[in-house]
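Read off the chains here:
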Amino acid sequence: MLIRLLVRLVDFSRRHAWPVLLGGLVVTVFAGWVASFALGVSTDTDLLFKDSLPWRQHAKEMNKDFPQFRDLLVAVVDARIPEETDATANDLLARLSTDKAHFLTVRRPDSNPFLGKEGLLFLQPKQLSGLMDQTIDAQPFLGQLVADPSARGLFSALSLLGMGVTKGDADLSPYLAPIRGFHQAMVDALDGHARPLSWETLLGGGLSELAGPYRFVLAQPKQDFGSLQPGGAATDAMRAIIADLPFVKSGDAHVRITGQVALADEEFSTVAEGAVEGLIGSLVLITLWLFLAVRSWRLIVPILMTLVLGLMLTVLFAAVAVGTLNLVSVGFGVLFVGIAVDFAIQFSVRYREFRFETGDPTVAMTETARRVGVQILIAALATAAGFLAFVPTAFEGVAELGLIAGAGMIMAFICTLGFLPAAITVFRPRGEAAEVGFASAARIDPVIVQRRIPILIGFGVLAIAAVAVSPMLRFDSDPLDTKNPNTEAMRTLRDLINNPVTNPYTIDVLAPNAQDAATLSDKLEKLPAVAGTISINSFVPSDQQEKLAVIADANTILAPTLAPHGEAAPVTAEQIRMAAKAALAQIDPALPKLSKDHPLALLSDDLRRMQTAPDAVLMAADKALTEFLPAQLDHLRLALSAEPVTLSAIPADFARDWLLPDGRARVQVNPKPEAQSPAGLKAFVQQVTAVAPDAGGSAVTIAATADTIVGAFRQAAIYAIIAIAVILLGLLRRVLDTALVMAPLIMSALLTLLIAVVLPLPLNFANIIALPLLLGVGVSFNIYFVMNWRAGQQNPLGSATARAILFSALTTGTAFGSLALSAHPGTASMGKLLLISLGCTLLASLAFIPALLASLTPPAGDRT
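Sequence positions are assigned chain by chain, starting from 1 and proceeding in written order. Only residues with pLDDT of 70 or above have their local features reported here, since the model is predicted, and side-chain atom pairs are shown and tallied only from 80 upward, although totals for entire chains, interfaces and linings are computed over all residues. Heavy atoms from the whole structure form the basis of all side-chain values; hydrogens and water molecules are not counted.

With a 1 Å grid spanning the protein atoms alone, the term cavity applies to any set of points in which a 1.4 Å probe fits but cannot get out, the term pocket to an open set with protein on both sides within 12 Å along at least five of seven lines, and the term lining residue to any residue with an atom within 4 Å of a point. Grid points are joined across faces, edges and corners, and a volume is the space filled by probe spheres set on the points. For the coordinates displayed, the defined rule picks out four cavities of 30 Å³ or more. Of the pockets and cavities examined, the largest cavity occupies roughly 180 Å³. In this structure, the largest cavity is lined by 15 residues; those nearest its centre are Gln134, Ala138, Pro178, Leu202 and Leu203. Segments assigned H or I by DSSP are reported as helices when at least four residues long, segments assigned E as strands when at least two residues long, and all are numbered from the N terminus. Within the residue set of the lining of the largest cavity, elements represented by two or more residues are helix H6 (125–137), helix H7 (139–147), helix H9 (176–190) and helix H10 (199–203). Take the lining of the largest cavity: its biggest share by element is four residues, from H6.

Right, let's talk about the sheet that holds strand S4 (residues 215–221) for a bit. The rule for pairing is simple: two strands pair if DSSP sees at least two bridges between them. Taken together, the four strands give an open sheet; going across it, the order is S3-S4-S2-S5, and neighbouring strands pair in antiparallel fashion. A strand with exactly one partner marks an edge of an open sheet, and here the two such strands are strand S3 (103–107) and strand S5 (253–258). Averaged over all pairs of adjacent strands, the angle between their axes in this sheet comes to 20°, without regard to strand direction. Where strand S2 (residues 73–79) meets S5, six bridges bridge the pair, whose relative direction is antiparallel. Along S5, the bridge assignment pairs Val77 with Val255. The contact rule is simple, with two residues in contact once any of their heavy atoms fall within 4.5 Å. To get an axis, fit a line to the C-alpha atoms, keeping to the stretch in contact for a helix; angles then go from 0 to 180 degrees between the N-to-C directions. Of the strands in this sheet, S2 and S5 touch helix H24 (residues 488–495), which is tilted by about 105° from S5.

What follows deals with the sheet that holds strand S7 (residues 507–511). Taken together, three strands build an open sheet; the order of strands is S7-S9-S8 and the sheet is antiparallel. Among the strands making up the open sheet, the edge pair consists of S7 and strand S8 (530–534). Averaged over neighbouring strand pairs, the angle between their axes works out to 25° when direction is ignored. The pairing of S8 with strand S9 (residues 665–671) spans four bridges and is classified as antiparallel. Bridged to Ile534 within S9 is Gln668. Lying over the sheet, helix H25 (residues 514–524) contacts S7, S8 and S9, oriented at roughly 15° with respect to S9.

This next bit is on the layout of surface pockets. A probe as big as a water molecule, rolled over the atoms, marks out the empty space that is left. Within this model, the second largest pocket holds a volume of roughly 920 Å³. Contributing to the lining of the second largest pocket are 27 residues, with Ala717, Ala749, Leu753, Leu763 and Leu771 lying nearest its centre. Those elements giving two or more residues to the lining of the second largest pocket turn out to be helix H23 (452–469), helix H33 (698–732), helix H34 (735–758) and helix H35 (770–790). In terms of residues, the lining of the second largest pocket owes the most to one element, H34, which gives seven residues.

Attention now moves to the pattern of salt bridges. Take a side-chain nitrogen of Lys or Arg and a carboxyl oxygen of Asp or Glu: if they are within 4 Å of each other, that pair is a salt bridge. Taken as a whole, this structure holds 34 salt bridges when the rule is applied. Asp252 is the partner of Arg195 in a salt bridge, and the nearest nitrogen-oxygen pair spans 3.8 Å. Of this pair, Arg195 sits in the loop between H9 and H10 while Asp252 sits in the loop between helix H13 (246–250) and S5, and the two are 57 residues apart along the sequence. To sort residues, take the accessible area from a 1.4 Å probe on protein chains only and compare it with the maximum for the residue type: under 20% means buried, over 50% means exposed, and anything in between is partly exposed. Note on Asp252: relative accessible area 12%, which makes it buried.

What follows covers the packing of aromatic side chains. Pairing of aromatic rings covers Phe, Tyr and Trp, the last counted by its six-membered ring, and requires centre-to-centre distances within 6.5 Å; plane angles under 30 degrees mean stacked, over 60 mean edge-to-face, and any other angle means tilted. A full pass over the atoms with the stated rule returns 16 aromatic pairs. Here the aromatic rings of Phe49 and Trp55 are separated by 5.2 Å at their centres, their planes lie at 70°, and the arrangement is edge-to-face. The same class applies to Phe49 as to Trp55, namely buried. Geometrically, the ring pair formed by Phe141 and Phe182 is stacked, given 6.1 Å between the ring centres and 15° between the ring planes. Of the two residues, Phe141 sits in helix H7 while Phe182 sits in helix H9, which places them 41 residues apart along the sequence. Residue class for Phe182 comes out buried when judged on its relative accessible area of 1%. Aromatic ring contacts, followed pair by pair, group Phe49, Trp55, Phe390, Phe395 and Phe713 into a single cluster. Sitting above the plane of the Phe66 ring, Arg666 keeps its charged end 5.5 Å from the centroid. Comment: the charge-over-ring label is applied if NZ (Lys) or CZ (Arg) is within 6 Å of the ring centre and within 35 degrees of the ring normal. If you follow Arg666 out to its NZ or CZ, it ends over the ring of Trp658, 4.1 Å from the centre.

Below, the discussion takes up a nonpolar patch on the surface. Note that patches include only residues with greater than 30% relative accessible area and no salt bridge, and the join distances are 9 Å for like charges and 5 Å for nonpolar side chains (Val, Leu, Ile, Met, Phe, Trp, Tyr). Residue burial considers only the protein chains on display, and all accessible areas are found by Shrake-Rupley using a 1.4 Å probe. A surface patch of nonpolar side chains, amounting to about 380 Å² of accessible area, comprises Met1, Leu2, Leu5 and Leu731. Along the chain, Leu731 turns up in helix H33. Residue classification places Leu731 among the partly exposed residues on the basis of a relative accessible area of 32%.

Time to look at the environment of Leu285. Of note, Leu285 is situated in helix H15 (residues 275–294). Assessed through its relative accessible area of 38%, Leu285 is described here as partly exposed. With 312 residues separating them in the primary sequence, Leu285 and Asp597 have C-alpha atoms 73 Å apart.

Written out as structure tokens, the structure reads:
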């Protein structure tokens with residue numbers, strides 16, 4: 001009865017060819033029109049997993065409690081000297097803050113006045129004492145600079161050094177680094193390349209090193225999730241502002257952009273890179289394979305029309321059933337074309353076969369429906385079941401993909417039997433002049449029959465080897481490994497991997513209060529995989545009484561010297577010459593008491609050149625020598641006013657990154673470098689969650705995401721195998737036939753596993769999506785051969801079915817092969833795994849199945 005229904009469907013399509021063809025075109029246009037406004041695409045990665053997952057709940061709670069840490073563009077600033085770094089970061093902060101069209105929030109967490117005032121307390125006692133002694137020793141020098149923060153005042157201060165050496169009561173060893181700095185700044189200015197001098201490095205001691213070389217500006221952009229680059233407009237706006245910053249223009253500062261938004265946007269752009277060229281190349285090759293398969297444009301055009309109609313119907317279904325595609329389900333079109341083209345090729349090639357045998361197109365069409373219709377139906381149902389098995393899983397991205405692709409297989413079947421016959425009838429391909437099949441491959445059939453036992457033994461050995469090495473198959477859970485390492489955001493992130501502000505592998509734990517956070521930090525810091533923790537308690541310095549006493553003593557001595565004297569009179573070029581001459585008069589007599597290569601001798605030469613330099617050069621030198629001096633003197637005054645720090649003394653805006661209004665305290669757990677590997681990250685997460693089960697953060701999310709994905713595919717694989725087996729058993733009605741279809745499917749999966757281990761090609765978040773395709777294509781190919789065997793076919797490789805399978809595989813492989821050439825590592829790995837799985841499926845279909853079938857005798861009742 002089923003066969004009669006399929007024959008009637010094909011016969012109806014043939015007899016009403018023009019109405020069906022025109023109706024199909026109308027439906028295609030209508031479906032595309034509806035989808036154009038009803039189907040959207042969201043690049044929001046939060047949509048990829050069900051909200052009910054515990055780790056998703058933790059992540060949502062953490063994002064709700066600390067919204068300032070999510071969806072960030074991070075501008076990483078570094079420059080030749082710390083002052084230029086800070087100036088560039090502050091300038092960028094100010095300009096971004098005024099751009100309300102592109103940015104929701106902008107801030108600099110490393111630039112709070114609290115850190116400027118209390119910064120000395122974070123030094124070690126010995127380091128602090130040394131810095132204060134050095135600063136006190138420089139008191140006379142500082143007095144001149146405070147009174148006159150210009151080149152004029154600086155040269156007066158240098159004359160004191162010369163006088164001290166001449167009198168024999170000055171030790172210049174603490175001044176060697178500053179003297180070298182003065183010399184380099186003056187040489188640069190005299191040579192026409194004036195560059196500001198770093199007073200923070202000269203006077204700040206360990207504070208400049210404590211801050212590190214980078215400054216961070218954190219911006220939360222307005223995102224358009226309907227775009228492939230949701231943060232693209234904001235990123236472009238930030239780049240335009242960066243390009244206009246003074247120190248960036250001069251080449252002294254560099255600003256790079258990273259953060260979650262930049263990483264995601266660059267990933268999308270990398271995926272799109274070369275996509276058009278790859279698509280064109282794929283279409284050319286696909287057209288070539290179709291021509292070799294069916295030998296006539298009068299069949300190629302109907303096949304392509306059928307694919308387009310089926311794709312548009314699937315798109316219409318997606319618009320109605322889903323509405324908005326996610327980053328995974330957006331790939332349903334590739335899966336549809338990759339498998340649906342097999343149905344169309346199989347029907348068309350077999351039609352050519354029966355056309356040659358009967359010579360009558362009407363009879364050939366009916367025979368194709370009778371002999372091939374059920375095969376395509378079973379293949380479509382089994383493939384759809386494989387896709388739909390993902391629907392119940394927690395991996396929402398693939399669940400949605402499975403729903404759409406599963407429905408697409410039904411659409412492909414309907415179009416193949418309901419539309420393709422009409423299109424073929426309208427285009428009227430010519431009859432075949434020769435038998436359709438593989439004459440050359442037919443010679444292999446007897447060889448396989450004769451050597452079937454060794455062939456089966458060989459496959460058996462490979463299967464055993466695959467099972468043996470299966471524990472070695474690695475799943476790379478680090479999503480960073482699927483991104484292009486050469487993009488700006490990725491290069492920057494790798495440079496900052498050990499910085500707590502930007503480390504992507506940290507864990508966050510919420511403690512009931514600050515005291516419990518301290519206790520928890522002590523426990524966590526004892527774990528082998530933990531490098532350290534940061535909490536609100538980290539900003540309450542230790543040994544405060546001892547440190548405050550040292551600072552207070554220094555302030556008592558230095559306060560009168562550092563007290564502002566009012567604004568000095570503007571300096572002139574002539575005054576700079578006079579000051580240089582006066583300083584030289586004090587330095588020259590001191591030089592005989594110093595070694596010939598002493599830095600003070602270099603200063604003598606510089607001062608001598610200053611006396612004859614043009615006015616513009618002298619003014620440029622003045623700016624280079626003292627541009628950042630007043631600010632550093634202010635910083636020194638502020639740092640010497642340090643006060644005791646308690647939790648309550650920490651400013652609320654600074655504490656908000658660590659304390660919630662209800663008193664709960666965030667503990668950030670930083671991993672050791674070993675966590676950069678999947679195994680190390682897993683160990684890090686396991687150790688921390690054993691102590692703090694409710695931990696969240698990026699490391700926990702990465703590990704939980706991997707578990708969710710692997711679990712989803714394991715669950716779906718079980719469902720798919722069961723569903724496919726039930727469908728095959730229900731339609732084929734023989735356990736043996738069902739086993740014959742499933743056996744090569746399992747064999748191709750094992751061969752794929754074996755090759756992935758040997759290469760090695762680890763599974764990751766991107767390429768694991770190739771596994772559903774393995775089920776779909778494998779089931780289709782196997783069904784055709786097994787059902788032909790049931791019908792009495794003895795030479796499978798020389799048949800038209802083998803021809804259809806080969807060119808179907810080539811067509812599908814071409815569509816996916818272009819992915820392997822992608823600049824995006826995740827996409828490239830997916831393309832490679834798709835090609836490997838397709839190759840293994842083809843090998844199992846063209847070698848394993850024929851050898852297996854040659855060892856059996858088909859049921860006599862099924863021969864036709």
